[in-house]
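Given next are the chains, with one letter for each unit.
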Amino acid sequence: MRKFLILLILLGLGLTGWVGYDYSTSGEEIARFELTGESGSTDLISLEPSLNSMRALLSVTYEIELLAGSATAFDYSIMLTGPGGLTAFTAEGQQRDKREDNTPEYATKNSEQVLKTFAVPAPDDYVLDWRITPDKAKVISGAISLRRNVEPLRIPYLIAGVVCFGLGVLLLIRERRKTI
């Protein structure tokens, strides 16, 4: 019985991981912009509605000293604008890291975030305006990539993965309590 429960937990983790990976890597990358400095604008990129659905991803490599508690590594703000100031998407957020024990840790970390899934409203040239503001981290490098013809998040598989994992953990705990 115990092997079955562990298999159920692994199935749940695998299914959830696969859904997340598929969501972030589906479609085809059509543009990648390396970021330098804390803010800037990219070169113009021609986009058209035939590329829909599109997804923007932010990749950042940074160094941080983690002390006890939680620390904000950096804040970001990204906007894709097109003809006549037409905004295709905006995304804002922050990367937070947490230290579990009380000893300082110096770490180099990579963060890849799905910023937004969006639709190109009209065919034309677009520009990405971005700002990455370091807080407790030193940003080493960053990039924004645009992917075309991406798949939506597969919610039924995600729910199945979470249910398998949760059920496996609960039944494993229940079995362990019976033996004690």
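Going by the structure above, here's the rest.
A quick note: this is a predicted structure, and the numbers were derived from the prediction, not measured.

Participant: Sorry if this is basic, but what is going on with the pattern of salt bridges here?
Facilitator: Proximity of charged atoms lets side chains of opposite charge pair with each other. In this structure the tally under the stated criterion is 4 salt bridges. For Arg148, the salt bridge is made with Glu28, and the minimal N-O distance between the two is 2.8 Å. Of this pair, Arg148 sits in strand 9 (residues 137-148) while Glu28 sits in strand 1 (residues 28-35); the two residues are 120 residues apart in sequence, bridging distant segments of the chain. By relative accessible area, Arg148 is classed as partly exposed at 27%. When its relative accessible area of 42% is taken as the criterion, Glu28 is described as partly exposed. Taking the shortest distance from any N to any O, the salt bridge between Glu34 and Arg32 comes out at 3.3 Å.

Participant: I would appreciate a short explanation of unusual backbone geometry in the present structure.
Facilitator: Excluding glycine, a negative phi dihedral is what most residues carry, and trans is how most peptide bonds are arranged. The omega angle of the peptide bond from Asn52 to Ser53 is -10°, so this bond is cis rather than trans. Locating Ser53 in the fold gives a position in the loop between strand 3 (45-47) and strand 4 (54-66).

Participant: Looking at this model, I keep getting lost on helix 2 (residues 155-179). Mind explaining?
Facilitator: Structurally, the α-helix is built with 3.6 residues per turn, so residues lying three or four positions apart point the same way. Across its 25 residues, helix 2 extends 36 Å between first and last C-alpha, which sits within 8% of the 36 Å expected from 1.5 Å per residue. Every buried residue of helix 2 is listed here: Gly161, Cys164 and Gly168.

Participant: Can you walk me through the sheet that holds strand 1 in this structure?
Facilitator: In a beta sheet, neighbouring strands are held together by backbone hydrogen bonds and run either parallel or antiparallel to one another. Sheet architecture is open: 4 strands sit in the order 1-9-4-7, paired in antiparallel fashion. Of all strands in the sheet, those with a lone pairing partner are strand 1 and strand 7 (105-118), marking the two edges. Adjacent strand axes in the sheet meet at a mean angle of 20° when their direction is disregarded. Contacts from helix 1 (residues 2-25) reach strand 4, strand 7 and strand 9 within the one sheet, and its direction differs from that of strand 7 by about 65°.

How each quantity is defined
- Residues numbered from 1 in each chain as written.
- Predicted model: local features only at pLDDT ≥ 70, side-chain atom pairs only at ≥ 80, totals over all residues.
- Heavy atoms only, no water.
- Salt bridge = Lys/Arg side-chain N within 4 Å of Asp/Glu carboxyl O.
- Helix = DSSP H or I, 4+ residues; strand = E, 2+ residues; numbered from the N terminus.
- Buried < 20%, exposed > 50% of the residue type's maximum accessible area, 1.4 Å probe, protein only.
- Expected span 1.5 Å × (residues − 1).
- Pairing = 2+ DSSP bridges.
- Axes fitted to C-alpha atoms, helices over the stretch in contact; angles between N-to-C directions.
- Contact = heavy atoms within 4.5 Å.

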